[in-house]
Amino acid sequence: MPEFGQAVRRFWTLDWSATHLNHGSYGATPKPVLAAQDLVRQDMEKAIGDFFTRQLPKRLRSAAAELGEYLGAASEDVVFVDNATAGVQSVIGSLALEPGDEILINDQTYNAVKNIARHVAGRAGAKVVEVTLPFPVEDDGTSIVETLKAGLSERTRLVLLDHITSATALVMPIERLIAACRTTGALVLVDGAHAPGQVPLDLSTLDADFYTGNCHKWVSAPKGAAFLWAKREHQPWLHPPIISHGLGKGFIAEFDWTGTRDASPYLAVPAALAFRQTFGDSRIKARNRALAEEAGAYLADTWKTRLGAPASLAGSMRMIRLPLAGGDHHEIRAKLWHDHRIDVPINTLNGELWVRISAQLYNEIEDYRRLAAAVRRL
Ligand SMILES: Cc1ncc(COP(=O)(O)O)c(C=O)c1O
């Protein structure tokens, strides 16, 4: 009997009459983690005053310490935010930009994040510079590094780097990209929305200025659990998107309290980490990556199309070109769901239709065979 796939589906509440190939977009929280989140909520509702005034500050720091250990970071450099969007907003929104300053993004920067850069830069009379990355990628990532370098100037104040791109599922050559930015005085913000839990991550050696990542995608935490890490020297000028009582009282005071809210997603992060340990964190990453690779090769071969990137730039998600001459990607996606009960994102890139598959422990190769057959019938 296989170790994963069908054998572990009992851990998730997903409806197994459907095929779920989109873990990357929102994650899917395992039942033991949801149960731990429920216990946190019970603690909160049992003794509300005690929970918010005495338990919560300590429990947040203890959860941050466990998450920090997982990320290779000191707990005092890690704060919780609701999602990666909020992490990016905290950094970009805190920049004191001047007219003529530049923020460097690329065409594959997540659209919500592009909007943050444009909004903040626009108010300051600063500029957003967007370079166009190669896709599909044919090399080891050198073309990506060279393209980014060409966008740097002496006015670049911040470079936004996706650790793993959303629309194209590329695991960026992040160390090389950061090293390229270090030839200028620009600050580097890594948007790691997809990275924790999908690829190895050690913030103690990654030379970023800021790193934000989601725990609700690949770490298996409940929705609304993300973090922001910042180098100590930047922490005094960083503010959360919501200013509250902690203003001016330091990084942790500002971020740990942003008004009354349900902190159970944050406090359930240790349960998510423990759930991963029942399988082994590295084993999960390796197994998902191997399944994505096998499934990607199978689909490209069956459809006689191609992959979006070589294996060296891939994690637990893969892009495969669809064998369809044209069509609206929203309609194709909706048809796959309504007619075939398959949830998978489809995108149009450079005029071609591409599918992004995800591989999580509950997936098995049969899921991708169903996708292959459904696409053939389209
Ligand atoms: C690169 C990137 N940044 C940011 C986000 C936004 O994540 P969230 O909706 O959790 O804020 C995503 C979501 O997929 C993403 O892929």
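Relevant structure appears above.
As the structure is a prediction and not an experimental result, all values here were calculated from the model.

Things to note about the overall build of the chain
Along the backbone of the chain there are 13 helices and 12 strands. Rg of the C-alpha trace for the chain: 21 Å, near the compact-globule value of 21 Å for 378 residues, within the 12% margin. Expressed along its principal axes, the backbone C-alpha trace of the chain runs to roughly 60 × 55 × 35 Å. Within the chain, the fraction of its 378 residues that count as buried is 55%. For the chain, the proportion of contacts with a sequence separation of at least 24, taken over those separated by at least 6, is 70%. Summed over its atoms, the accessible surface of the chain is roughly 15400 Å², and 53% of this surface lies on carbon and sulfur atoms. When the 41 basic and 43 acidic side-chain charges of the chain are each reduced to a single mean position, those positions are 4 Å apart.

Considering the sheet that holds strand E3 (residues 102-106)
Hydrogen bonds between backbone atoms are what pair the strands of a sheet, whose relative direction is either parallel or antiparallel. Spatially, the seven strands line up as an open sheet ordered E2-E8-E7-E6-E5-E3-E4, and their pairing is mixed. Strands with a single pairing partner mark the edges of an open sheet, and in this sheet they are strand E2 (78-81) and strand E4 (127-131). Neighbour to neighbour, the strand axes of the sheet diverge by 20° on average, direction disregarded. Relative to E4, E3 runs parallel, the two sharing five bridges. Bridge pairing in E4 links Glu102 to Lys127.

A look at empty space enclosed by the protein
Tallied over the full model, the rule gives one cavity of 30 Å³ or more. One number sums up the size of the largest cavity: a volume of about 40 Å³. When grouped by side-chain class, the residues that make up the lining of the largest cavity number seven nonpolar, two polar and one charged. Summarising the domain contributions, the lining of the largest cavity has at least three residues from each of domain 1 (5-21 + 280-377) and domain 2 (34-274).

Quick look at the layout of surface pockets
Unfilled space is identified by rolling a water-sized probe across the atoms. The volume enclosed by the largest pocket comes to roughly 660 Å³. Forming the boundary of the largest pocket are 31 residues, of which Ser25, Tyr110, Ser166, Lys217 and Arg356 lie nearest the centre. Among the residues making up the lining of the largest pocket, the classes are represented as 12 nonpolar, 13 polar and six charged. Shared between two domains, the lining of the largest pocket takes at least three residues from each, and those domains are domain 1 (5-21 + 280-377) and domain 2 (34-274).

Each value, and the rule that gives it
Residues numbered from 1 in each chain as written. Predicted model: local features only at pLDDT ≥ 70, side-chain atom pairs only at ≥ 80, totals over all residues. Heavy atoms only, no water. Helix = DSSP H or I, 4+ residues; strand = E, 2+ residues; numbered from the N terminus. Rg over C-alpha atoms; globule rule 2.2 N^0.38 Å. Buried < 20%, exposed > 50% of the residue type's maximum accessible area, 1.4 Å probe, protein only. Contact = heavy atoms within 4.5 Å. Areas by Shrake-Rupley, 256 points an atom, 1.4 Å probe, with all protein chains shown as cover. Lys, Arg positive; Asp, Glu negative; His and termini not counted. Charge placed at Lys NZ, Arg CZ, Asp CG, Glu CD. Pairing = 2+ DSSP bridges. Axes fitted to C-alpha atoms, helices over the stretch in contact; angles between N-to-C directions. 1 Å grid on protein atoms, 1.4 Å probe; cavity = no way out; pocket = protein on both sides within 12 Å on 5 of 7 lines; lining within 4 Å. Points joined across faces, edges and corners; volume = space filled by probe spheres on them. Nonpolar A, V, L, I, M, F, W, Y, C, P; charged D, E, K, R; others polar. Domains from an automatic or database assignment.

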